Amino acid sequence: MPETSTPHQTAETKKRDRGLLRIDTDECKGCGLCLEACPPKVIHLSERLNHYGYRTAVYDGAGCTGCGICFMVCPEPGAITVFRAVAEDNGHLPASNSAPVPALKGAAHA
Ligand code: SF4
Ligand code: SF4
């Protein structure tokens, strides 16, 4: 079972964030491309090594806009999944990202 980073969001950021990032640390090679490319800079490298010996990317847990740029630049299929909040019928974002819709995920690389 791959280890996946778990975001820690406050109630306030859940209301505002338009996206959510999930990183499969078994697939990440720690190249750092997603860190460089992320506009709001909400990804960092872990201090821990995965079982291949790489420091892996970790989502800060808040501030993702759902732009998908990290997904586009990542060379490792399956390492990144981006979820986007979907607007409700009234055009507002839902109050919680608890049931986000996967917008961009590694399978698209295959
Ligand atoms: S989807 Fe965009 S804002 Fe969110 S972590 Fe990736 S690059 Fe950053
Ligand atoms: S671009 Fe992909 S492989 Fe490179 S650090 Fe980010 S998630 Fe890991």
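Described in the following lines is the structure provided in the data block. (Residues numbered from 1 in each chain as written. Chains lettered and ligands numbered in written order. Predicted model: local features only at pLDDT ≥ 70, side-chain atom pairs only at ≥ 80, totals over all residues.)

## What to know about the environment of Ser46
Within the secondary structure, Ser46 is located in strand S2 (residues 43-49). By C-beta crowding, Ser46 is classed as partly exposed, having 16 other C-beta atoms within 10 Å. Taking the C-alpha atoms as reference points, Ser46 and Thr25, separated by 21 residues in sequence, lie 9.7 Å from one another. When sequence neighbours within four positions are dropped, the list of residues in contact with Ser46 reads Arg55, Thr56 and Val58. (Helix = DSSP H or I, 4+ residues; strand = E, 2+ residues; numbered from the N terminus. Buried ≥ 20, exposed ≤ 12 C-beta atoms within 10 Å, placed from the backbone. Contact = placed C-beta atoms within 7 Å.)

## Considerations on the nonpolar core
Nonpolar side chains in soluble globular proteins tend to be buried together. Residues Leu21, Ile23, Cys34, Ile43, Tyr59, Cys70 and Ile80 are the most contacted members of the largest nonpolar core, which totals 19 residues. Elements with a contribution of two residues or more to this core: strand S1 (19-23), strand S3 (55-59), helix H3 (69-73) and strand S4 (80-84). (Core = buried A, V, L, I, M, F, W, Y, C linked by C-beta atoms within 7 Å.)

## Details of the site of ligand 2
Lining the immediate environment of ligand 2, one finds 15 residues, of which Cys28, Cys31, Cys34, Ala57 and Cys74 sit closest. Mapped by element, the contributors of at least two residues to the shell around ligand 2 are helix H2 (33-37) and S3. Split into classes, the residues belonging to the shell around ligand 2 amount to ten nonpolar, three polar and two charged. (Near = placed C-beta within 6 Å. Nonpolar A, V, L, I, M, F, W, Y, C, P; charged D, E, K, R; others polar.)

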